[in-house]
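Below, each chain spelled out in residue letters.
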Amino acid sequence: MLKLPSIDQFISEFDTVLRTLAASAQSVRPHPDASVAELEMTGAEKQHAAGLMRVNHCGEVCAQALYQGQALTARNPATRDALREAAHEEVEHLAWTEARIADLGSHKSLLNPLWYAGSLAIGVTAGVIGDKWNLGFLAETERQVAEHLQSHLSQLPEQDAKSRAIVAQMHIDETHHAEKAEQLGAAALPFPIAKAMQLSSIVMTSLSYRL
């Protein structure tokens, strides 16, 4: 049986929302591009790289909301811990992508609050359905994100080694999250749900690249 959050928990969760949307994220690990040289790019190349990194940042905002919602409704402590751990690493991804967007002279997606709200609702729903489906949703999300990041490695300008370093480390982390969810007993999602997730990701990617 699900328990309603206490006042303290509600305040803590609301603080997570504010920190994700309004504050600058902090990374415990060194930024993957810290020792990578910044090579010269044209204005168009910078704009394209910034758009891709804005998409990646937006994806991390969605991940924070998803995992927050899933952890709130998870029944098994092991499931909840896995979600919290994944969310913690996603904060580092937020910090890396946010800093890179700023380096490229661009801005974060203006639609982040909208994506956060939608992702939080999806996460809560996934948790209510049951832990094996909750973990299945986590595994499928991370698999799709890993594929998306892999595609960005081929789309980024050849000279943009700094963005590549960030995306490569994110890919490693997301793959690890998917594998851990499977080890904890994630159920394979039905094809229509996985496909719907993929289609919604395409819409988010298209809009956040520009906005």
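Look up: the structure comes first, before these words.
Here the residue numbering is sequential within each chain, running from 1 through the sequence in written order. Where local features are concerned, this predicted model is filtered to residues with pLDDT of at least 70; where side-chain atom pairs are given and counted, the filter is 80 or more; whole-chain, interface and lining totals use all residues. As a convention, hydrogens and water are excluded, and side-chain values are obtained from all of the structure's heavy atoms.

## Digging into the nonpolar core
Quick reminder of the rule: As used in this record, nonpolar core signifies buried Ala, Val, Leu, Ile, Met, Phe, Trp, Tyr and Cys residues forming a set joined through side-chain atoms within 4.5 Å. The rule is simple: take the accessible area with a 1.4 Å probe, protein chains only, and divide by the maximum for that residue type; under 20% is buried, over 50% is exposed, in between is partly exposed. Secondary structure counts use DSSP, requiring at least four H or I residues in a row for a helix and at least two E residues in a row for a strand, with both numbered from the N terminus.
Met53, Trp96, Leu104, Leu156, Ile166, Val167 and Met170 are the most contacted members of the largest nonpolar core, which has 20 residues in total. At the level of elements, α2 (43-73), α3 (77-103), α5 (131-155) and α6 (161-183) are the ones that each hand at least two residues to this core. Per-element tally for this core: the top contributor is α2, with 6 residues. Counting 16 residues, the second largest nonpolar core, distinct from the first, contains Ala63, Leu66, Ala139 and Ala181.

## Topic: helix α7 (residues 191-210)
Put simply, the rule is: Here the expected span of a helix is defined as 1.5 Å times the quantity of residues minus one. What the arc covers is the set of directions going from the helix axis to the C-beta atoms. We call two residues contacting when some pair of their heavy atoms lies within 4.5 Å.
Given a rise of 1.5 Å per residue, 20 residues ought to cover 28 Å, and the 29 Å separating the end C-alpha atoms of α7 matches this to within 8%. Of the residues making up α7, those classed as buried are Ala194, Met197, Met204 and Ser208. Each buried residue of α7 sits inside an arc of 85° when the element is viewed along its axis, so together they form one side. More than 90 degrees from the buried face of α7, the exposed residues found are Phe191, Pro192, Ile202 and Arg210. Elements in contact with the buried residues of α7: α2, α4 (112-129) and α5.

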